[in-house]
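# Structural overview
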Amino acid sequence: MAEWREREIDRVPSGAPLPSALDHDALDLYVQRLFADEDDHLRAVRARADRAGMPRIQLPPATARALQILVAAAGARRVVEVGTLAGYSALWIARALPPSGRLITLEINPDHAAVARRSLAAAGVADRVEVRVGDAAALLAALGPDGAFDVVFLDADKERYPVYLEEAARLLRPGGLLLADNAFWSGRVLDPDGGEVAAQLNRFNRLVARDPRFEATILPVGDGLMLGVRD
C-alpha cells in the first residue's frame, strides 16, 4: 500500500443548514424520542450515578442507541468496553447481545464498578456482563486470544486512545468493529491549540484513518462516534 499522507481536498457542502441554524441538542432529543427512549432501568442507572457523585459523562441516549444498533448489526457475541462508569452504556450493549453473549467492561474505579454491578443486576443482564477493575491497558493486554472479540468500544481516558488502538486491533476478529466515543471532542480536534486531550484524540483519529487494518469513518452522532471495521 502506498504511504498514507494528507492532501488538499475539495470542500463539499454537507447538505445541513449552517451551524447557527442547526440545533444539535434538539435533533438529539428528536432521535431519542423516536428511537432511544429510556426505560426505568436506564433512568435508574443515571440516578445511581448522580447519588454516587459521578460526573455526568455517560453516553447520551441517541449515541447509546447507535452503539446498540451497531453491536446488533455486527451479530456480536463477545464485546469489550473500556470505561464502565455506572454501567449505562454497558446496559445498552448487553441488551444487543444474545443470551449466550458476553460483555467484558473495564473500569479503573472500584466504587464505580460496584455501582455498575448493582445496575446491571437490577436490569437482569448480569449473567452476560463481567465488570473488571484495574488499569485498562493492562486488562486489555491480558485478554485473548487474538481475534476473539466482535466489538471493542472505547469510552474512557481519551488521551490513551492511541494506546488502546493496538490492543483493539489485536483482539478484534476480521470484520469486527472498533467503536470510540468523543471523536470530535466538542469540535476541539479541529483546533491545534485545543488542549492535550484534543491533541491525543486528533492523533487517534489520524492513526485510525491511515491504519491499513481498518476501514473507518466518524459518525456525526453526539460528540462523534468513531467506527472502524477490522480487515
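The residue numbering used here restarts from 1 in each chain and proceeds along that chain's sequence as written. Totals for whole chains, interfaces and linings use every residue, but because this is a predicted model, local features are given only for residues with pLDDT of at least 70 and side-chain atom pairs only at 80 or more, for both listing and counting. Values shown for side chains rest on all heavy atoms present in the structure; no hydrogens or waters enter the calculation.

## Brief notes about the overall build of the chain
The cut-off we apply is this: Secondary structure counts use DSSP, requiring at least four H or I residues in a row for a helix and at least two E residues in a row for a strand, with both numbered from the N terminus. The globule rule used here is 2.2 Å times the number of residues to the 0.38 power, and the radius of gyration it is set against is calculated over C-alpha atoms. A simple rule labels every residue: compare its accessible area, found with a 1.4 Å probe on the protein chains alone, to the largest value its type can have, and call it buried under 20%, exposed over 50%, or partly exposed in between. In what follows, a contact means two residues having at least one pair of non-hydrogen atoms within 4.5 Å. In short, Shrake-Rupley with a 1.4 Å probe defines the accessible areas, and a residue's cover is counted only from the protein chains shown. In summary, the charge assignment counts Lys and Arg as positive and Asp and Glu as negative, without counting His or the chain termini. For this purpose, a charge sits on NZ of Lys, CZ of Arg, CG of Asp or CD of Glu.
Helices and strands together make up the secondary structure of the chain, namely eight helices and seven strands. Scaling as 2.2 N^0.38, a compact globule of 231 residues should have a C-alpha radius of gyration of about 17 Å, and the chain matches this with 18 Å. Here the chain holds 231 residues, and 43% of them are scored as buried. Counting only contacts in the chain whose residues sit at least 6 apart along the sequence, the fraction spanning at least 24 positions is 71%. As displayed, the chain has an accessible area near 12200 Å², and 54% of this comes from carbon and sulfur atoms. On the chain, the mean spot of the 28 positive side-chain charges and the mean spot of the 33 negative ones are 5 Å from each other.

## Observations regarding the side chain of arginine 230
Using the following cut-off: Any pair of N or O atoms that falls within 3.5 Å is considered a polar contact. Within protein, one atom must be able to donate a hydrogen and the other to accept it, and sequence-neighbouring residues count only if both atoms are side-chain atoms.
Along the chain, arginine 230 falls in strand β7 (residues 225-230). A polar contact is formed between the side chain of arginine 230 and the backbone oxygen of alanine 169, at a distance of 2.8 Å. The residues touching arginine 230, leaving out its near neighbours within four places in the chain, are Ala169, Leu172, Arg173, Pro174, Gly175, Gly176, Arg213 and Phe214.

## Thoughts on the sheet that holds strand β3 (residues 129-133)
We apply this condition: Between any two strands, pairing holds if DSSP finds at least two bridges. Helix axes use the C-alpha atoms of the stretch in contact, all axes being lines fitted to C-alpha atoms, and the angles between their N-to-C directions lie in the range 0 to 180 degrees.
Across the sheet, seven strands lie side by side as β3-β2-β1-β4-β5-β7-β6; this open sheet has mixed pairing. Each end of this open sheet is capped by a strand with a single partner; those strands are β3 and β6 (214-219). Averaged over neighbouring strand pairs, the angle between their axes works out to 15° when direction is ignored. Here five bridges tie strand β4 (residues 149-154) to strand β5 (residues 172-181), and the two strands are oriented parallel to one another. Bridging from a neighbouring strand, valine 151 pairs with leucine 177 of β5.

## Let's talk about the environment of arginine 95
Secondary-structure assignment places arginine 95 in the loop between α4 (88-94) and β2 (102-107). Sequence-wise, arginine 95 and glutamine 68 are 27 residues apart; in three dimensions their C-alpha atoms are separated by 7.7 Å. When neighbours within four sequence positions are excluded, arginine 95 is seen to be in contact with Asp39, His41, Leu42 and Gln68. There is a polar contact of 2.8 Å between the side chain of arginine 95 and the side chain of aspartate 39.

## Details of helix α7 (residues 161-171)
What counts here: To be clear, the arc concerns the directions from the helix axis to the C-beta atoms.
Inspection of α7 places Tyr161, Pro162, Tyr164, Leu165, Ala168, Ala169 and Leu171 among the buried residues, and these make up the whole buried set. Buried residues of α7 fall within an arc of 165° about the axis and therefore sit on the same side.

## Details of the packing of aromatic side chains
Heads up, the condition is: Any pair of Phe, Tyr and Trp rings, taking the six-membered ring for Trp, is counted once the centres come within 6.5 Å. Such a pair is stacked with planes under 30 degrees apart, edge-to-face with planes over 60 apart, and tilted for the rest. When the NZ atom of lysine or the CZ atom of arginine is within 6 Å of a ring's centre and also within 35 degrees of its normal, the charge is said to sit over that ring.
If you walk through the whole model with that rule in mind, you get two aromatic pairs. Taking the centre distance of 5.1 Å and the plane angle of 70° together, the rings of tyrosine 161 and phenylalanine 204 count as edge-to-face. Taken together, the positions of tyrosine 161 in helix α7 and phenylalanine 204 in helix α8 (residues 196-209) put the pair 43 residues apart, joining distant regions of the chain. Phenylalanine 204 carries the same exposure label as tyrosine 161, and that label is buried. In this structure, arginine 78 packs its charged tip against the face of phenylalanine 149, placed 4.4 Å from the ring centre. A cation over a ring is seen here: arginine 230 above phenylalanine 214, with NZ or CZ 5.9 Å from the ring centre.

## Side note on the nonpolar core
As a reminder, the rule being used: We define the nonpolar core as a collection of buried residues of types Ala, Val, Leu, Ile, Met, Phe, Trp, Tyr and Cys that are connected through side-chain atoms lying within 4.5 Å of one another.
Counting residues in hydrophobic clusters, the biggest one holds 38 residues, and the most contacted among them are Val71, Val79, Val151 and Leu179. Among the elements that line this core, the one with the most residues is α4, at six residues. If sequence neighbours within four positions are ignored, valine 79 has contacts with Val71, Ile93, Leu97, Arg102, Leu103, Ile104, Phe149 and Val151. Ranked by size, the runner-up nonpolar core spans 28 residues in total, among them Ala137, Leu154, Leu178 and Ala183.

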